[in-house]
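Working through the structure, step by step
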Amino acid sequence: WRFKLPSLTEIVAAATFICTIRAAMRWMVFNVGSVVSGLAVAQPMQPLWPFGQTHNLVCGEPFIVTSSEDTRKQCPSSCPYYVENMVAIEACSFVCVEAKDCTRWNPYATVADDYHGTCRYPSVSHCKKMAFGTSADVCAECQDGFRLESSGLCHASYWVVIPVLGTMFCIAGMLIGWLVHMIYRPVTNPEGLERAEKFRAMSKLHQPKERGHSRAPWPILTNLCRTLVAGPGLRLHFNFQAAIICWALCVALGWCYMAVTVDGDLWILGTRPFGTPRENCQLVSWGYETQHRLLWAKVHFTYWVYLLSFAACLFHSIRQLRSFQRADVENKTMMDFAAFVKGLPVQQGEWRTEEQLKAVMEENLGMAVVNVSIAWDFSTNKELVENTLKNQLRLKDPLPTFPSSDTGDTGMEPKPVTLKRLLEDIEHQVCIDEAVQEGATDDDITDLLMNMTSSSNAIAVFETQKMRDEAVAACSERGGIDFQNGKLMLEEIQCEPDTVMWENFGQTSVYLQVKRICIGLCCIFAAFTCWSVVFFLPYAYSVYTFNYDNGQTPGLLYSVAFTMVVVLGNAIMYEVCARVSDHVGFKYEDSRQATYMILYTVACTFNVLL
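Below or above, wherever it landed, is the structure these notes cover. (Residues numbered from 1 in each chain as written. Predicted model: local features only at pLDDT ≥ 70, side-chain atom pairs only at ≥ 80, totals over all residues. Heavy atoms only, no water.)

**Notes on the overall build of the protein**
Threshold: To qualify as a helix, a DSSP run of H or I must reach at least 4 residues; to qualify as a strand, a run of E must reach at least 2; elements of each kind are numbered from the N terminus. Burial here depends on accessible area, computed with a 1.4 Å probe over protein chains only, as a share of the maximum for the residue type. Under 20% is buried, over 50% is exposed, and the range in between is partly exposed. For this analysis, residues touch if any pair of their heavy atoms sits within 4.5 Å.
A tally of regular secondary structure across the protein gives 15 helices and 14 strands. Counting over 610 residues, the protein shows a buried share of 29%. Considering only residue pairs separated by 6 or more positions, the protein has 61% of its internal contacts joining residues 24 or more positions apart.

Structure (structure tokens):
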């Protein structure tokens, strides 16, 4: 490999290209944005106050702090403290005074701070109301959860903190002990462990099978944005994540370009820290002038980000749709062989309707039908049906038997109660007792099946996708298939079998779904109100009543509390929106997920408005 230096012509061409691009971008920012948004370029503002910068500080003579003020200037040694002038009408007026004259100009600035050279308010952490009658940092009333000491300081009331921390440590200790016990527990069921590990290995995503080779796991460097590893949904999700990352990077680079080409103050605008009243006045004045001076640039930046983001979203949505359609064409799934049957008359469970329906469809369509599955209405017996199916599957894979926790292996002498025995009893009750509980009897299941009625829908499965398409077209041309004084219509199904919610076929109509959605919105609003009153308002009240004197800010406890408020709010909204989506009674999981996203977006909108 050899490095070749560019020629002079190449260097000049590259420099010309860079200058042209830079000039075009500056023209777009300065001119095109102004024409489109109708905003003229704002002229730099004059100083906020006409007094200008004070060069010499004189004892007892007020001076005004502006954006050009040098906050490093100190008062004369004869009056080394500056105090905010509360007597003057002008804002940000200060006076150089002695310590004894602090309260003359500001009755609340009782403390002469030698470190900052200023007369300030008393400052005590976690203080609700200061004591202004002394020249020291003394509190008159502490915040909730803190007690007032004789020294005038506030200390935490540990009678509230210790029980909470103690409970948390106990729970954490029990969990850690249980995990350690699980790790060092001897293996008592090697066959079950081997089957479990084999099942876990088979549950992992593997590459397509090749002739003469076993299915190997996907490499760690697999491009999930292009490779179809676990269906089109996963690929679309990772493409969305990549689009979000690229969008954020482009916005950040755009702002960096604005800061480099327009004004360097865009790097630090809104990030400068505040401190003493004098520094705050200088910061507020500088920020006010800078905000108005660069308002045109921020407006244009926001305009172009919104416009380009909207266009990028449209492009990304079209790209995602095309990607899904391409994956659907290239890969055959079970829904490509199934047709949705509508208009089925109500059938009784004791009838052999599925066999009759299959024979009628084959006779009218002139092609073979693999099978027909009727969507039965078991919404009122959902739990019984699901438990019966679980028991049927469990009979094929019975659970191992375990000795009783109250006796030894011989069943004669009870064992002493220890932490190990307690953990084993909890595992036995949670994992085993619930699984081996008795279900319904055979007579109950037979009565249920005999008295069950069908919905108006069924699913027919054909041998090939071509046969399915021909059957749908033939049924449409014939105007339907005659079956028991009714007309059956076929249409392509747009979902996979594992996304069909069979329990919602039956007593579900558009009116009921709309009604349930309206009730769900009321439930979401009630949950949001509960979260606001129980969690958010106490936090907001504590932040509102915090003592911000002398630049104090809420500490780590407030940040943790805010994080927990947000986490609890999100968890509550997750659960409420999920339950509302389940209660609506959609027939397909895709519709349920779409409704869940819409409801959660509505909940987030309420949160933003708050």
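**Here we look at the packing of aromatic side chains**
The geometry of an aromatic ring pair is captured by the separation of the ring centres together with the interplanar angle, meaning the angle of the planes. Formally: Each Phe, Tyr or Trp ring (for Trp, its six-membered ring) is paired with any other whose centre lies within 6.5 Å, and the angle between the two planes then decides the class: stacked below 30 degrees, edge-to-face above 60, tilted in between. Criterion for a charge above a ring: Arg CZ or Lys NZ at most 6 Å from the ring centre, at most 35 degrees from the ring normal.
Considering all chains together, one arrives at 14 aromatic pairs under this definition. Ring geometry for F528 versus W531: centroids 5.9 Å apart, planes at 40 degrees, classification tilted. Linking F528 with W531, this pair stays in helix α13 (residues 510–544), spanning three residues, or about one helical turn. Both residues of the pair, F528 and W531, count as buried. Above the ring of W286, the side-chain terminus of R272 is found at 4.6 Å from the ring centroid. The side chain of R278 reaches across the aromatic face of Y82, ending 4.9 Å from its centre.

**Points about helix α5 (residues 232–261)**
Under the convention used in this document: Take the residue count of a helix, subtract one, and multiply by 1.5 Å to get its expected span.
Under the 1.5 Å per step criterion, the end-to-end length of α5 is 43 Å for 30 residues, consistent within 8% with the ideal 44 Å. Listed in full, the buried residues belonging to α5 are R235, L236, N239, M258, A259 and T261.

**Quick notes on the sheet that holds strand β13 (residues 481–482)**
To be explicit about the condition: Any two strands with at least two DSSP-identified bridges between them are counted as paired. Only C-alpha atoms enter the line fits that serve as axes; for helices the fit covers just the stretch in contact. Angles between N-to-C directions range over 0 to 180 degrees.
Spatial strand order, β11-β12-β10-β14-β13: five strands in an open sheet with antiparallel pairing. This sheet does not close on itself; its edge strands, each paired only once, are β11 (371–377) and β13. Across the sheet, helix α8 (residues 353–365) touches β11, β12 (453–461), β13 and β14 (487–492), and the angle it forms with β11 is around 135 degrees. Of the strands in this sheet, β10 (338–342), β13 and β14 are in contact with helix α12 (residues 465–478), which crosses β14 at around 140 degrees.

**Considering the pattern of salt bridges**
Two side chains with opposite charge may pair up if their charged atoms get near one another. The condition is simple: When a carboxyl oxygen of Asp or Glu is within 4 Å of a side-chain nitrogen of Lys or Arg, the pair counts as a salt bridge.
A full pass over the atoms with the stated rule returns 11 salt bridges. E149 is the partner of R147 in a salt bridge, and the nearest nitrogen-oxygen pair spans 2.9 Å. Taking relative accessible area as the criterion, E149 reaches 28% and is therefore assigned partly exposed.

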